Amino acid sequence: MRPLGLGWPNVLSIGRIALIPIVVVLLSTDHAATRWLALVAFVVGALSDLVDGYLARRHEMTTSVGAWLDPLSDKLFVIVPAIALSARGDFPWWATAVIVLREVAVSLLRWRLDQRGVSMPASRAGKAKTFSQIVAVGLAIAPLSSTFDP
């Protein structure tokens, strides 16, 4: 099935992008309940990344649109909440800068290699990096008590 002519993996990537403003709006309050809702939305988005990758590989639903949409949605899904959290003082600016600079550098490298006809597929290290970023941003979203504050 190809909903909206895009395929489920691409629909999930678009859904992940659509969750970003919801997470940011929920982060804009100082209420624990809305922070927990933001965390739930963030976890749903993170899990959707696993599902869209599985569907694309398992059911051979890889597309040229998905080849740029999935990494874009992954980057935005971590970077935008990190910036929103840093603006609130809930996440260190240096960590946000490292995340943004790394993502820009790798994207430029991939683009340059693509211009030369060379592919740079995702690696286990890259997947571990994404996981660690999601955990770090997720923990910053969670309204944990000060005893758990890193």
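Residues numbered from 1 in each chain as written. Predicted model: local features only at pLDDT ≥ 70, side-chain atom pairs only at ≥ 80, totals over all residues. Heavy atoms only, no water.

1. Focus: the overall build of the protein
A count of helical and extended segments in the protein gives five helices and zero strands. Beginning at the N terminus, the succession of helices and strands in the protein can be written as α-α-α-α-α. Looking at the protein residue by residue over its 150 residues, the buried ones come to 37%. Sequence-distant contacts in the protein: of pairs separated by 6 or more residues, those separated by 24 or more amount to 71%. In the structure as shown, the protein presents an accessible area of about 9,300 Å², 70% of it carried by carbon and sulfur atoms. (Helix = DSSP H or I, 4+ residues; strand = E, 2+ residues; numbered from the N terminus. Buried < 20%, exposed > 50% of the residue type's maximum accessible area, 1.4 Å probe, protein only. Contact = heavy atoms within 4.5 Å. Areas by Shrake-Rupley, 256 points an atom, 1.4 Å probe, with all protein chains shown as cover.)

2. With respect to the side chain of R35
If you trace the backbone, R35 turns up in helix α2 (residues 32-58). Engagement of the side chain of R35 in a polar contact is seen with the backbone oxygen of I141, the distance being 3.0 Å. Residues in contact with R35, not counting those within four places in the same chain, are L26, L27, T29, L85, R88, D90, A140, I141 and P143. (Polar contact = N/O pair within 3.5 Å; in protein donor to acceptor, adjacent residues only side chain to side chain.)

3. Some remarks on the layout of surface pockets
Its volume calculated, the largest pocket comes out at about 1,600 Å³. As for the largest pocket, its lining consists of 49 residues, of which D70, P71, D74, R110 and A122 are closest to the centre. Sorting the residues of the lining of the largest pocket by element identifies α1 (8-27), α2, α3 (64-87), α4 (93-115) and α5 (124-141) as the ones contributing at least two each. In terms of residue class, the lining of the largest pocket is made up of 24 nonpolar, 13 polar and twelve charged. (1 Å grid on protein atoms, 1.4 Å probe; cavity = no way out; pocket = protein on both sides within 12 Å on 5 of 7 lines; lining within 4 Å. Points joined across faces, edges and corners; volume = space filled by probe spheres on them. Nonpolar A, V, L, I, M, F, W, Y, C, P; charged D, E, K, R; others polar.)

4. Focus on the nonpolar core
Nonpolar side chains tend toward joint burial in soluble globular proteins. L27, L85, F91, V137 and I141 are the most contacted members of the largest nonpolar core, which has 24 residues in total. Elements represented by at least two residues in this core include exactly α1, α2, α3, α4 and α5. If you tally residues by element for this core, the top one is α3, at six residues. With near-sequence residues (within four places) excluded, V137 lies in contact with F42, V78, P81, A82, L85 and F91. (Core = buried A, V, L, I, M, F, W, Y, C linked by side-chain atoms within 4.5 Å.)

5. Here we look at α5
Across its 18 residues, α5 extends 25 Å between first and last C-alpha, which sits within 8% of the 26 Å expected from 1.5 Å per residue. Along α5, the residues that are buried comprise G126, K129, T130, Q133, I134, V137, G138, A140 and I141. Along the long axis of α5, the arc covered by the buried residues comes to 160 degrees, so they all point the same way. Along α5, exposed side chains directed more than 90 degrees from the buried face belong to R124, A125, F131 and L139. (Expected span 1.5 Å × (residues − 1). Arc of directions from axis to C-beta.)

6. Focus: empty space enclosed by the protein
Following the criterion strictly, the structure yields one cavity of 30 Å³ or more and no others. As a volume, the largest cavity reaches approximately 40 Å³. Around the largest cavity, the lining residues are R16, A46, D49, D74, F77, V78, T130 and I134. Where the lining of the largest cavity is concerned, the elements lending two or more residues are α2, α3 and α5. Broken down by element, the residue count for the lining of the largest cavity peaks at three residues, all from α3. The residue inventory of the lining of the largest cavity, partitioned by class, reads four nonpolar, one polar and three charged.

These values are about where atoms sit, not about what they do.
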